[in-house]
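Close look at the chain arrangement
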Amino acid sequence: MSLKLKHLVLAILLVAPLTLLHGQFSIKVSVDAMRTSRAYLLEYIGTSPQIIDSTTTKTPGQVEFTLPADAHTGMYRLVIGPQQFLDFVFNQEDIELKTNYNAPRDSLKVLSSVENTLWSEYMNFFNQLSRKQENISSLMAVYKPTDPFYMELERELSRIQQIDPESLTRRIIAEHPDTYVARFLNVELSSEVPTGLSYAE
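So, here is what we can say about the structure in this document.

About the thresholds
- Residues numbered from 1 in each chain as written.
- Predicted model: local features only at pLDDT ≥ 70, side-chain atom pairs only at ≥ 80, totals over all residues.
- Heavy atoms only, no water.
- Buried < 20%, exposed > 50% of the residue type's maximum accessible area, 1.4 Å probe, protein only.
- Helix = DSSP H or I, 4+ residues; strand = E, 2+ residues; numbered from the N terminus.
- Pairing = 2+ DSSP bridges.
- Axes fitted to C-alpha atoms, helices over the stretch in contact; angles between N-to-C directions.
- Core = buried A, V, L, I, M, F, W, Y, C linked by side-chain atoms within 4.5 Å.
- Patch = residues over 30% accessible without salt bridge, like charges linked within 9 Å, V, L, I, M, F, W, Y side chains within 5 Å.
- Areas by Shrake-Rupley, 256 points an atom, 1.4 Å probe, with all protein chains shown as cover.
- Salt bridge = Lys/Arg side-chain N within 4 Å of Asp/Glu carboxyl O.
- Contact = heavy atoms within 4.5 Å.

Quick look at the pairing of strand β6 (residues 84-90)
Burial analysis of β6 places 7 of its 7 residues in the buried class, the great majority of the element. What you see with β6 is no split at all: Gln84, Leu86, Phe88 and Phe90 on one side and Phe85, Asp87 and Val89 on the other are buried throughout. Remark: 2 residues form the turn of the hairpin made by strand β5 (residues 74-81) and β6, two consecutive strands paired antiparallel; Gln83 in that turn has positive phi of roughly 65°.

Put into C-alpha cells, the structure is as follows:
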C-alpha cells in the first residue's frame, strides 16, 4: 500500500465524524459480471474494516445497502467476492456507484455522490501518476542510455516528476471546503501527519 494512501487513512481517522438529522441513506452499486450473489459492507474501525452488514442480491449484480441516520461519516468497504472489494466515503448522502467485478477499483464510476466523485478524482490522479512513472521506468530499463528513445523517455519522466502532487489536493480543499474529503485532505497536508503507518487490508 502506497505511503500516500496510508496518509489518507490516517487523515480520515483524524477527522471527527459528523451526524445530521436525516432518514436512512441508500448505498447502491451496480456490479458488471458479478460472480457471487453475496456482498458485505464493512466500516473502518481504527485502521481495520469490520463487517457491519451483508446482503444477497435480488437482481444479479445489483447490490443495495441501507445506512441509518446516525451512521458514522468516514471510509467504508464493499466486498463483492474473494479479494474483490472497493472502498468509498460516506458522508450523510445517498450513494450510487457502478463497477466491474474483475477490477472493482479501476473500473469504478460514480453515478451519484459528491464525496465519492472527489475521492475518485483524487485517487485516479495519483494512481495515473504512479503508473506512468512505473511504465516509463520499465521501458527505460530495456534501452541503452545512449539510445534516442531512452533520452525521450527520460525527458518525459522528468516532466511527470515535476508535476505538483498536491495541486489537486489544494484545489479540492479550496473549491469544496465543506465536504468530508476536503477536510481529511486538509489534515493530510498538515505537517502533523506522521509517515510510516501500516494500512490493514
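Back to the write-up after that little detour.
Considerations on the sheet that holds strand β1 (residues 25-32)
Spatial strand order, β4-β1-β7-β8: 4 strands in an open sheet with mixed pairing. On the outer flanks of this sheet lie β4 (62-67) and β8 (109-112), each paired with one strand and no other. Each adjacent strand pair in this sheet contributes to an overall mean axis angle of 20°, direction not counted. In this sheet, strand β7 (residues 95-100) lies alongside β1 in parallel orientation, the contact comprising 6 bridges.

Points about the pairing of β1
Where a strand is regular, its side chains alternate between the two sheet faces. With 6 bridges joining them, β1 and β4 adopt antiparallel strand pairing. Each residue of the ladder has a partner; that of Ser26, found in β4, is Thr66.

Structural notes on the nonpolar core
Judged by nonpolar contacts, the single largest core of 21 residues is most densely connected at Ile27, Val63, Leu67, Leu78, Phe88 and Phe90. Broken down by secondary-structure element, the contributors of at least two residues to this core are β1, β2 (38-45), β4, β5, β6 and β7. At 4 residues, the largest contribution of residues to this core is made by β1. With 16 residues, the next largest nonpolar core counts Tyr44, Phe126, Leu168 and Val181 among its residues.

So, a nonpolar patch on the surface
Taken together, the side chains of Leu139, Val142, Tyr143 and Phe149 present a nonpolar region at the surface, about 340 Å² in accessible area. Its place among the elements puts Tyr143 in the loop between α2 (114-140) and α3 (148-161).

A look at the side chain of Thr169
By the element assignment, Thr169 lies in helix α4 (residues 167-175). Overall, the relative accessible area of 0% leaves Thr169 in the buried class. Sequence-distant contacts of Thr169, that is, excluding residues within four places in its chain, are made with Tyr122, Phe126, Leu185, Glu188 and Leu189.

Quick look at the pattern of salt bridges
Taken as a whole and assessed by the stated rule, the structure comprises 7 salt bridges. Arg159 serves as the salt-bridge partner of Glu156, at 2.6 Å between the closest nitrogen and oxygen. Placement of both Glu156 and Arg159 in helix α3 is noted, with a separation of 3 residues, approximately one turn of the helix. The partner of Arg171 in a salt bridge is Glu175, and the shortest N-O contact between them spans 3.2 Å. Of this pair, Arg171 and Glu175 both sit in helix α4, separated by 4 residues, roughly a single helical turn. Judged by its relative accessible area of 32%, Arg171 is partly exposed. Residues participating in the shared-partner salt-bridge network are Glu121, Arg171 and Glu175.

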